[in-house]
Amino acid sequence: MHRQLLSSTEDMLHFFSAALERIGSGVILFDEQNTILYLNRAMETISGWPREEMLGRNLGQLAPPSMRERYDTRLYPGASNRVQELALAPHDIQLVRKDGSHCWISVTLSHVSSGGRDIHMALISDVTARRQAQERERLLSLGFDETQSAVLITDAQAHVVYPNKGFRRLFGFLDSELLGRYVPTLLAPDDHSGEQMAAYMTRLMSGQSIRADERLYRKDGQPLWCSVTINPIFDDYGKLVNMVVVLTDITRTKVHEVLQHRMLDAMVREVPTAEIMQMMCEEVEKIAPQVTCSVLRVEDGRLRTLAAPSLPEAYSKLVDGTPVGPHSGSCGTAAHCGETVVARDIASDPNWEGVSHLALQYGLAACWSTPIKSSDGRVLGTFAFYYRQPMEPDSFHRRLVEVIVHLCALALEREEARNRIRRLAFYDDLTGLPNRSLLHARADQAISAAGHTHQSLAVLFIDLDRFKQVNDSFGHPGGDELLRVVARRLQEQTGPMDIVGRLSGDEFVVVLNGCDAQGADEHSERLLRALGEPLQLGEMEIRPSASIGISVFPHDGTSMETLLHRADMAMYQAKHSGRNLARFYSCEMDQSAQERLALENALREALALGQLQLHYQPQIDLHDGRLHSVEALARWHHPRLGNVPPVRFIPLAEETGLIGDLGQWALHEACHQLADWREDGLEVPSVSVNLSPTNFHSPALAEMISRILHEHGLSASDLILEITEDVLLDADPVTLQTLRKVHALGVRLSMDDFGTGYSSLSYLRQLPISELKLDRSFVNGIERDSVASALTQAIAHIGQSLHLKVVAEGVESSEQLRLLGEQGYHIAQGFHFTPALPAPALAQWVREHLPAMVEG
Ligand code: C2E
Ligand code: CA
Ligand code: CA
């Protein structure tokens, strides 16, 4: 401070004024009472006060109102408090200008002593511009620091120059740990390839900014998904000097996106649910390294582990199967009450009472479980986070779980739907038994297991006897009921290791694990007995029966396909041996099956080459001895096999589908023959052709018949079709329609082999038939057996009362003929007259015998 001796204030002012006027800085002189003595021109400009108005005023006039008091020397006697404060060091203070506006000034004080008076001199410069710049900077860095985003400023080589608060907060670093660090290795220690960085740098150098989503890591190693923007900053010479990196945490969206994408993708690829859950857990544990996840499914009120890749296996085993309920650990409780359960310390948590040691022994200290619910609110499972220290989930974990539980629900619901579909696809709807595909799959497994353990196994092919009849008499509901009962009885008679399935219609299969031939024999006896128990169907009680074919692994085959095929063959034998029986497969059966196959091929060929023939057997009207009709009977002479009887090849044709062609051929052939005879002048009133039930499955049959008749110039009354009662046992609804259409043409229908079938008489009334043919087995013995003759008499009555022509076939003697005539039979056929003859022989026979008969 300058101290000079001057005589008076005036002298001093005078002395200085010329000099002070020229100084660029503002100058104020004031006395001890803070009264302004002088101010220079520069100060006039700074304060806006003209000098005249200021002189003699208190210095406080220039201070903000709140400060004014402190310049009042009456309140602060002695030296001015404020001026003393200011004297300590140069200061920035605020100055109020004349127009009331504020500006910032920097003040330096000096004292001058003059005649015992202290004069103060304030040197003042206007620093408003600097202060404003500083304020802007303060606000800027405030904004920079307080923004939600993390911002980094780096030098041109990507070394941290300035991290904002948001960055330090998001990544968990201290300032000192950041400055000078190379950003790529700081935030993505393993992920960043030099190549990518080089590409980034090239772009930045060319003035382009970069936008990318990156997986980065916090200081603690936890991954963070960030949206990253990097802007390059150039100096005036175009040199890259800085980079501004803005990072926004998008973990939530990204985790959501990544998990959702991966899980949905897996679901679309039909990856098994457990595998999807496993993958999800592994992914989550990567994102949140301090947690261990588990996904449990709720099944029949129990927890089942779906995935828990990092939990100790022994612990998972303990959890698996525990019942859902209150106080059953976090998961059991969460599943029970349908709400999230947090056990921050398993050791003391009430929901873990009694079971806490199970978790604690494996170092699991906390568990947070969230129920996984279906869209209709059912608890499908639970998703749990285990921690190794007592703790609660943080917000990041909560966010994660929100996302995951949703996806788990989707996966589990989808699996439920798939299981439903699987049930539909693999189980028989009616009986609930495995269907053919599942049966095969399970049997294949059982067979391979039996192979490994050198055990035997039996396959039982079970076919109900006369199922069609039940279906027909009781309708489909009755048939369905029978099938359900049979399924139940089969299940009751088998053990948990055995397999029961339904193949189709009335065919069932039982696979008996570890069962040899003797066991299978006993077991099938038991099955037959159980199946034969009476059963109420509607008003009626029936006793179901079945035929069983048995094959045994490994003796009869080593694949399900072979075993089933052979059991089927054995079943076929059982049927033919009288039903309600079990038969074992034998290799002779295979032989006969192979013969059948050879025969089938031969028959196919014979039909194609026209090697079949029709023979004709006359039917005689007993009233007038005239010819009623001739029955066309198929004959097959095979060049190598010789004569094959119809009882062999007709059933074969039926089983193999050749019967359609055979029927058509017979119709053609018979009509052709009839037309030929007529052309030759032989009077044959009509021809009777045998058709099988299967022939009536073709809706075009009537049309075909009408075309054939037309082709040969015949009328409908020239043809009789012999059908058997089996036609009625047929489930095919087309059959009855076809019968009616054929009848509508005017073609007569004859009920063949009457008395051997099972159709009810009421059916007979519904059918448009005109003849009843007594089965030849009844004729055999009527002359000796009164019961047999009573039967033939009864059948004659039935026919008569239905106004049908009654025909007796298989008549071999005159005695039989006499009796049948007495009983009222209209027509007879049989060896007594002649066996079936080739067409020319028949013609000759008619010419030779009939006139005599007519006379006789
Ligand atoms: P079916 O329709 O009952 O034919 C009558 C069978 O009895 C014929 O046997 C015939 O030769 C035989 N027969 C005739 N009179 C006597 C007799 O006095 N005593 C004895 N014991 N038998 C007699 P066949 O020709 O062997 O035919 C057997 C079965 O084959 C026929 O029984 C019929 O169901 C079927 N069949 C024959 N030809 C055809 C055909 O073209 N189409 C169809 N679908 N089935 C046919
Ligand atoms: Ca016949
Ligand atoms: Ca017959």
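Refer to the structure printed above.
Computed from a predicted model, the values in this text were never measured in an experiment.

Student: Mind showing me how you'd approach empty space enclosed by the protein here?
Tutor: In this approach the atoms are scanned with a rolling probe the size of a water molecule, which exposes any empty space left behind. Taken as a whole, this structure holds four cavities of 30 Å³ or more when the rule is applied. The calculated volume of the largest cavity comes to roughly 260 Å³. Val183, Pro184, Met197, Val228 and Ile230 are, among the 20 residues lining the largest cavity, the residues nearest its centre. Considered class by class, the residues forming the lining of the largest cavity number 17 nonpolar, two polar and one charged. By volume, the second largest cavity is sized at about 150 Å³. Lining the second largest cavity are 16 residues, with Leu59, Tyr71, Ile93, Ile105 and Ile124 positioned closest to its centre. Contributions of two or more residues to the lining of the second largest cavity are made by strand S1 (26-30), helix H5 (81-87), strand S3 (91-96), strand S4 (102-114) and strand S5 (117-126). Residues belonging to the lining of the second largest cavity are distributed by class as follows: 15 nonpolar, one polar and no charged.

Student: I keep staring at the coordination of the calcium ion (ligand 2) and nothing clicks. Help me out?
Tutor: For a metal bound by four donors in tetrahedral geometry, the ideal donor-metal-donor angle is 109.5 degrees, whereas six donors in octahedral geometry ideally sit at 90 or 180 degrees. For the calcium ion (ligand 2), every protein donor is listed as Glu631 (OE), Asn690 (OD1), Glu722 (OE) and Asp752 (OD), and the spread of their distances is 2.1 to 2.3 Å. Mapped onto the sequence, the residues coordinating the calcium ion (ligand 2) show the spacing E-x58-N-x31-E-x29-D. Separating the calcium ion (ligand 2) from the calcium ion (ligand 3) is a gap of 4.1 Å, bridged by Asp752, which donates to each. Of the two residues, Glu631 sits in strand S24 (residues 627-638) while Glu722 sits in strand S27 (residues 719-724), which places them 91 residues apart along the sequence. Owing to a relative accessible area of 3%, Glu631 belongs among the buried residues under this scheme.

Student: Is there a simple way to think about the sheet that holds strand S16 (residues 457-464) in this case?
Tutor: To summarise the sheet geometry, strands pair through backbone hydrogen bonds and adopt either a parallel or an antiparallel arrangement. With mixed pairing, the five strands of this open sheet are ordered in space as S17-S18-S16-S21-S22. A strand with exactly one partner marks an edge of an open sheet, and here the two such strands are strand S17 (499-504) and strand S22 (582-584). In this sheet, neighbouring strand axes are inclined to one another by 20° on average, regardless of whether the strands run parallel or antiparallel. Two elements, strand S21 (residues 546-553) and S22, share three bridges in a ladder whose sense is parallel. Within S22, the position partnered with Ile548 by the bridge is Ala582.

Student: Explain the packing of helix H18 (residues 467-492) against helix H19 (residues 517-531) to me, please; I cannot follow it from the model alone.
Tutor: When two helices pack together, their arrangement is given by the angle between the helix axes and by the axis-to-axis distance. In the contact formed by H18 and H19, the axes pass within 10 Å of each other and the chain directions differ by 140°. Classified by the angle between their axes, H18 and H19 sit oblique to one another. In this structure, H18 meets H19 at a crossing whose hand is right-handed. Facing Val486, Arg489 and Leu490 of H18, the residues of H19 in contact are Leu527, Ala530 and Leu531. Considered class by class, the residues forming the contact of H18 with H19 number five nonpolar, no polar and one charged.

Student: Looking at this structure, I do not really get the pattern of salt bridges. What am I missing?
Tutor: A side chain with one charge may pair with a side chain of the opposite charge, provided their charged atoms come close. Scanning all chains against the criterion turns up 34 salt bridges. Among the salt bridges present, the one from Glu481 reaches Arg484, with a minimum N-O distance of 3.5 Å. Separated by three residues within a single helix, Glu481 and Arg484 lie in helix H18, roughly one turn from each other. Here Arg678 ties to Asp718 by a salt bridge, and the two come within 2.9 Å at their closest N and O atoms. One end of the pair, Arg678, is in helix H23 (residues 659-679); the other, Asp718, is in the loop between helix H24 (701-711) and S27, and 40 residues separate them in sequence. Its relative accessible area of 31% is what places Arg678 among the partly exposed residues. Several salt bridges share partner residues, and in doing so they unite Glu631, Glu722, Lys773 and Glu809 into one network.

Rules used in this analysis
- Residues numbered from 1 in each chain as written.
- Chains lettered and ligands numbered in written order.
- Predicted model: local features only at pLDDT ≥ 70, side-chain atom pairs only at ≥ 80, totals over all residues.
- Heavy atoms only, no water.
- 1 Å grid on protein atoms, 1.4 Å probe; cavity = no way out; pocket = protein on both sides within 12 Å on 5 of 7 lines; lining within 4 Å.
- Points joined across faces, edges and corners; volume = space filled by probe spheres on them.
- Nonpolar A, V, L, I, M, F, W, Y, C, P; charged D, E, K, R; others polar.
- Helix = DSSP H or I, 4+ residues; strand = E, 2+ residues; numbered from the N terminus.
- Donors = N, O, S within 2.8 Å, 3.2 Å for Na, K, Ca; no water.
- Buried < 20%, exposed > 50% of the residue type's maximum accessible area, 1.4 Å probe, protein only.
- Pairing = 2+ DSSP bridges.
- Axes fitted to C-alpha atoms, helices over the stretch in contact; angles between N-to-C directions.
- Parallel < 35°, antiparallel > 145°, perpendicular 65-115°, else oblique.
- Left-handed = near helix turned anticlockwise from the far one by under 90°.
- Contact = heavy atoms within 4.5 Å.
- Salt bridge = Lys/Arg side-chain N within 4 Å of Asp/Glu carboxyl O.

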